[in-house]
Amino acid sequence: MYEDGIARDGMRPGDHIVITGGGGGFGRAFCKRLARMGARISLWDINEASGRETEAQVRAAGGEATFFKVDLASGAAIDEAVAASVKAYGTPYGIINNASIYPRASVVDMAPDTFARTLQINITAPFHIIHAFGPGMITNKRGVIINIASGRALEGAVNGANYACSKAAIVSLTKTVSLEWAKHNVRCNTIIPGVSMTAQPLENTTPEELIARGQKNIPLGRIGYPEDMAGLAAFLFSSDASYMTGQAVAMNGGVIMVPQ
Ligand SMILES: NC(=O)c1ccc[n+]([C@@H]2O[C@H](COP(=O)([O-])OP(=O)(O)OC[C@H]3O[C@@H](n4cnc5c(N)ncnc54)[C@H](O)[C@@H]3O)[C@@H](O)[C@H]2O)c1
């Protein structure tokens, strides 16, 4: 495929990808797209009904996926899910740290425990997952990690110090992992999604308001949708992205042009 003689690794059919929050908006789209490309998916979620629904949709389309119920607030639960996923499909080629929570309150009103729990789920869990799967990926000398951040990492968030801090931290974690593991051919990049049609922003607005906001404020004239993020993830797992690591890539209709 490449004419320059440079070896470029990318996801192959049968490769195992672990996706957290696989029952949610982006998570389901990641699972379905990557399974269509031949990946075998471990999908983790705390919500059993939505996780099982994603598993069923992947299988109905002829793909391979297994749901694991995991509460990312628990380190022991993460360790169990790591072991179960490796038992099911072996060392993963890829990870998408996608699940997050966004409890909203001002700095004055937010309980310190809420702040701590948000960081536990949104950044400590991704670290734990990367730490746990990393040695296998390093041994295999191939792997791709995608962390999901947010424009809030760069802009801050009124009523969301917890969320914004966690998302800034995941951009930073991406950079360190990419620096440490580049020599092992394990790449790590961040996706920075723009506001998109999923449950998370709908916690404090309506679909109509979200669509109107996109038409008014977003240069490309619409909000994002899960398939937009799935397309970028497919690229980041592919050999076409084999020279790309440590980056934070915004998929946001043009709102933030330079996300570093
Ligand atoms: N939708 C947007 O506008 C938007 C914008 C920027 C960033 N993001 C990020 O995209 C990612 C995906 O979010 P989404 O928009 O698909 O939202 P979503 O609410 O549809 O999905 C989040 C998923 O995470 C799961 N989850 C929550 N807590 C968990 C826990 N303790 N253990 C395991 N799973 C848990 C939920 O059950 C849910 O399935 C998140 O990291 C979010 O911060 C979303």
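Going by the structure above, here's the rest.
Structure report, in brief.

## Remarks on empty space enclosed by the protein
A complete count under the given rule lists 1 cavity of 30 Å³ or more for this structure. Quantified by volume, the largest cavity comes out at close to 30 Å³. Residue lining of the largest cavity: Asp9, Tyr93, Gly143, Val144, Asn185 and Arg187, and that is the complete set.

## Considerations on the site of the ligand
By nearness alone, 29 residues border the ligand, and Asp45, Asn98, Ser100, Tyr163 and Thr198 come closest of all. At 2.5 Å from an oxygen atom of the ligand is found a side-chain nitrogen or oxygen belonging to aspartate 45. Within the backbone of leucine 72, an N or O atom sits 2.9 Å from a nitrogen atom of the ligand. Expressed as a share of its isolated accessible area of 830 Å², the protein-covered part of the ligand is 91%. Secondary-structure elements contributing two or more residues to the shell around the ligand are helix 1 (25–36) and helix 6 (161–181). A class-by-class count of the residues in the shell around the ligand yields 14 nonpolar, 12 polar and 3 charged.

## Looking at helix 8 (residues 226–237)
Helical periodicity: at 3.6 residues per turn, an α-helix aligns residues three or four positions apart in one direction. Compared with the 16 Å implied by 1.5 Å per residue over 12 residues, the 17 Å span of helix 8 between its first and last C-alpha is a close match. On the buried face of helix 8, the contacting elements are strand 1 (16–20), helix 1, strand 4 (94–97), strand 5 (143–148), strand 6 (186–193) and strand 7 (248–251).

## Quick notes on the pattern of salt bridges
The final tally for this structure, using the stated rule, is 12 salt bridges. Glutamate 48 is the salt-bridge partner of arginine 52, the closest N and O atoms lying 3.4 Å from each other. Highlighted residues: arginine 52 and glutamate 48, both in helix 2 (residues 48–60), separated by 4 residues, approximately one helical turn. Relative accessible area serves as the criterion here: at 35%, glutamate 48 is assigned to the partly exposed category. The closest approach of N and O atoms between glutamate 55 and arginine 59, which form a salt bridge, is 3.4 Å. With a gap of 4 residues between them, glutamate 55 and arginine 59 both fall in helix 2, about one helical turn apart. Note on glutamate 55: relative accessible area 8%, which makes it buried. Residue class for arginine 59 comes out partly exposed when judged on its relative accessible area of 45%.

Rules of the game
Residues numbered from 1 in each chain as written. Predicted model: local features only at pLDDT ≥ 70, side-chain atom pairs only at ≥ 80, totals over all residues. Heavy atoms only, no water. 1 Å grid on protein atoms, 1.4 Å probe; cavity = no way out; pocket = protein on both sides within 12 Å on 5 of 7 lines; lining within 4 Å. Points joined across faces, edges and corners; volume = space filled by probe spheres on them. Near = heavy atom within 4 Å. Polar contact = N/O pair within 3.5 Å; in protein donor to acceptor, adjacent residues only side chain to side chain. Areas by Shrake-Rupley, 256 points an atom, 1.4 Å probe, with all protein chains shown as cover. Helix = DSSP H or I, 4+ residues; strand = E, 2+ residues; numbered from the N terminus. Nonpolar A, V, L, I, M, F, W, Y, C, P; charged D, E, K, R; others polar. Expected span 1.5 Å × (residues − 1). Contact = heavy atoms within 4.5 Å. Salt bridge = Lys/Arg side-chain N within 4 Å of Asp/Glu carboxyl O. Buried < 20%, exposed > 50% of the residue type's maximum accessible area, 1.4 Å probe, protein only.

What is shown is where atoms sit, not what they do.
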